[in-house]
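Reading the structure
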Amino acid sequence: MKYRQLKPFPEAFLWSGSTSAYQVEGAWDEDGKGPSVIDARGEYPAGTTDFKVASDHYHRFAEDVALFKELGLKAYRFSIAWTRIIPDGDGEVNPAGVAFYHRPIDALIDAGIEPIVTMYHFDLPEALDAKGGWTSRDTVDAFARFSEVLFAEYGSKITYWLTINEQNMMILYGEAIGTVKPGMPKSAVYQANHHMMLAQAKANILCHQMVPGAKIGPAPNISVCYPATSHPEDVLAADDFNAIRNWLYLDMAVHGRYNNVAWAYLEELGAAPSIAEGDLEILTNAKPDFIAFNYYTSATVGRASGESSDAASVGDQQIVVGEAGVYAGAVNPYLGKTEFGWEVDPIGFRTTFRAIWDRYQLPLLVTENGLGAFEKLEDGKVHDSYRIDYLRDHIEQIQWAISDGVEVLGYSPWSAIDLVSTHQGSAKRYGFIYVDREEFDLKELTRYRKDSFAWYQKVISTNGADLS
Ligand code: BGP
């Protein structure tokens with residue numbers, strides 16, 4: 001439906017930008033930080049580097065926050081590395097790590113920027129992984145304790161908390177991300193998933209007990225899934241994939257129960273997790289204040305033929321990998337693609353807003369959305385008109401969603417500043433700010449404003465009224 005009159009963005013709309021600790025900070029072993037599974041990730045895609053220096057934000061946060069202020073950000077979403085706070089995940093708290101995060105948080109607050117904290121963004125402490133990681137129930141308690149430290153330490157400064165970034169992607173594409181060991185059986189993967197859900201629920205409950213006024217929510221990657229055709233079996237396959245990819249995670253986070261279709265799928269797979277006494281009570285007692293979600297593109301699937309060839313080889317988090325007998329990944333012929341093969345679907349963004357709002361009626365916060373591209377600095381400039389187009393097209397759809405009656409708290413595009421991509425190293429850039437480094441040559445790591453910087457600055461200063 002098109003409206004002649006669009007509703008404006010709310011006055012308090014959080015125009016934001018996003019990063020995560022391991023992708024932006026560097027200083028991977030400084031000041032007592034322990035190794036995470038990402039640091040320990042042995043194999044990187046050919047030609048890419050690791051996250052040891054990243055964008056060196058750890059040492060340059062003051063300069064970066066000054067740039068965010070100039071950009072006009074109302075909020076900034078970043079993650080706290082568990083391994084800085086508790087280097088081995090469940091042992092001693094590291095005072096230097098705790099002290100560190102006070103500095104960027106204070107700098108943000110001084111700059112009038114609302115800090116939005118992700119508590120866990122893919123970087124599980126390696127020491128916990130060595131003890132079974134999320135397949136062990138002990139990791140649930142370790143996360144709950146970590147969350148207590150965060151709430152006690154930063155609760156007076158942080159209003160918006162995100163529990164776990166893209167839990168669904170860690171489960172579905174964990175081997176590619178580096179959070180699931182190659183060959184781990186599905187039963188173990190979904191037991192780990194159950195434990196993450198419990199950990200999230202415990203953190204949610206603790207947050208409400210410890211920090212009056214704080215708001216906390218999950219942050220999965222949610223995209224509507226289209227059927228490849230109107231064939232009823234394709235429609236059913238899309239419905240299945242929506243349940244397995246999206247609603248499994250949000251039904252649990254919001255209502256504390258397993259989605260019935262997803263549960264039936266897990267039983268069929270022999271991967272239904274064991275649920276201990278008391279788990280369901282914890283899960284239902286957790287009440288998120290909002291739903292955060294990451295959106296890059298929609299997904300399209302068709303019916304599975306039942307052959308193993310339905311399962312494409314490992315893709316990444318935005319390229320659907322089919323599953324034999326369940327659904328087959330399909331290409332949407334109506335959508336263009338980025339240089340990295342991700343389809344671009346702004347209207348799917350609006351449809352996704354509607355779908356989440358319809359199901360849960362909780363305010364929505366977009367915590368990632370953006371365009372990865374190869375970029376070159378020329379005379380100190382990056383002319384990223386393609387990024388401006390991508391972001392404009394998506395911001396327009398937020399306004400359509402708002403006009404549909406969806407409550408939207410804010411928009412945090414990926415990424416505030418260039419950082420190391422999860423899959424393709426430093427060559428794949430997303431930021432408004434260019435960081436001058438190559439894959440293997442760190443150069444000076446000097447910051448430059450891209451064309452999209454001035455554009456987003458104008459968008460924010462007009463509260464979304466001028467997207468030109
Ligand atoms: C999301 C992750 C981010 C980021 C982004 C872009 O799944 O939450 O950490 O990496 O995707 O992905 P990539 O870096 O692979 O292009």
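Structure: above.
Next up on the list: the packing of helix α10 (residues 232-255) against helix α13 (residues 346-360). Look at α10 against α13: their axes get within 11 Å of each other, and the N-to-C directions meet at 35°. Seen along the crossing, α10 lies across α13 with a hand that is right-handed. Counted together, Trp 247, Leu 250, Asp 251, Val 254 and His 255 of α10 and Ala 355, Ile 356, Arg 359 and Tyr 360 of α13 form the full contact between these two elements. Grouping the amino acids of the contact of α10 with α13 by side-chain chemistry returns six nonpolar, one polar and two charged.

Let's shift gears to the packing of aromatic side chains. For the coordinates displayed, the defined rule picks out 34 aromatic pairs. Arranged with centres 5.9 Å apart and planes meeting at 80°, the rings of Trp 82 and Tyr 120 form a pair that is edge-to-face. Placement of the pair is Trp 82 in helix α3 (residues 82-85) and Tyr 120 in strand β3 (residues 114-120), with a sequence separation of 38 residues. We classify Tyr 120 as buried; its relative accessible area is 1%. An aromatic cluster is present here, built from Phe 9, Phe 13, Trp 15, Phe 432, Trp 455 and Tyr 456 joined pairwise through their rings. Over the ring of Phe 100 we find Arg 84; its NZ or CZ atom is 5.8 Å from the centre of that ring. Above the plane of the ring of Trp 342 lies Lys 428, whose end atom (NZ or CZ) is 4.1 Å from the centre.

Spatially, the four strands line up as an open sheet ordered β1-β13-β12-β7, and their pairing is parallel. Single-partner strands in this sheet number two, and they are β1 (14-15) and β7 (291-294). For strand β12 (residues 364-368) and strand β13 (residues 408-411), the ladder comprises three bridges, and the chain directions are parallel. Note on β13: the bridge partner recorded for Leu 365 is Gly 410. Sheet strands touched by helix α14 (residues 385-403): β1 and β13. Its angle to β13, the strand with the most contacts, is close to 175°.

Among the nonpolar cores identified, the biggest contains 137 residues, and Trp 161 and Tyr 456 are the most heavily contacted of them. Examining the composition of this core, we find that eleven residues originate from one element, helix α9 (residues 186-210), more than from any other. Counting ten residues, the second largest nonpolar core, distinct from the first, contains Ala 75, Tyr 160, Ala 292 and Leu 365.

Right, let's get into α10. Helix length check: α10 (24 residues) gives 29 Å between terminal C-alpha atoms against 34 Å at 1.5 Å per residue, more than 12% under. Most of α10 is tucked away, with 17 of its 24 residues classed as buried. Positive phi shows up at Gly 256, right after α10, with a value of about 70°.

Thresholds, definitions, all that
Think of each chain on its own: its residues are numbered from 1, step by step along the sequence as written. In keeping with the predicted nature of the model, local features appear solely for residues at pLDDT of at least 70, side-chain atom pairs appear and are counted solely at 80 or more, and the whole-chain, interface and lining totals rest on all residues. Excluding hydrogens and water, the side-chain figures rest on all heavy atoms present in the structure. An axis is simply a line fitted to the C-alpha atoms; with a helix, the fit covers only the stretch in contact. Between two such axes, the angle follows the N-to-C directions and lies from 0 to 180 degrees. Under the DSSP-based scheme used, a helix requires at least four consecutive residues in state H or I and a strand at least two consecutive residues in state E, with every element numbered from the N terminus. Helix crossings fall into two classes, left-handed where the near helix is turned counterclockwise from the far one by less than a right angle and right-handed where it is turned clockwise. Residue contacts are counted whenever heavy atoms from the two residues lie within 4.5 Å of one another. Only Asp, Glu, Lys and Arg are considered charged, only Ala, Val, Leu, Ile, Met, Phe, Trp, Tyr, Cys and Pro nonpolar, and every remaining residue, Gly among them, polar. Think of it this way: a Phe, Tyr or Trp ring, Trp meaning its six-membered ring, pairs with another when their centres are within 6.5 Å, and the plane angle makes it stacked under 30 degrees, edge-to-face over 60, tilted otherwise. Accessible area is worked out with a 1.4 Å probe on protein chains only. A residue is then buried under 20% of its type maximum, exposed over 50%, and partly exposed in between. When the NZ atom of lysine or the CZ atom of arginine is within 6 Å of a ring's centre and also within 35 degrees of its normal, the charge is said to sit over that ring. A pair of strands is considered paired only if DSSP assigns at least 2 bridges between the two. Note on terminology: a nonpolar core comprises buried Ala, Val, Leu, Ile, Met, Phe, Trp, Tyr and Cys residues joined through side-chain atoms within 4.5 Å. Here the expected length of a helix is defined as 1.5 Å per residue gap, with one fewer gap than residues.

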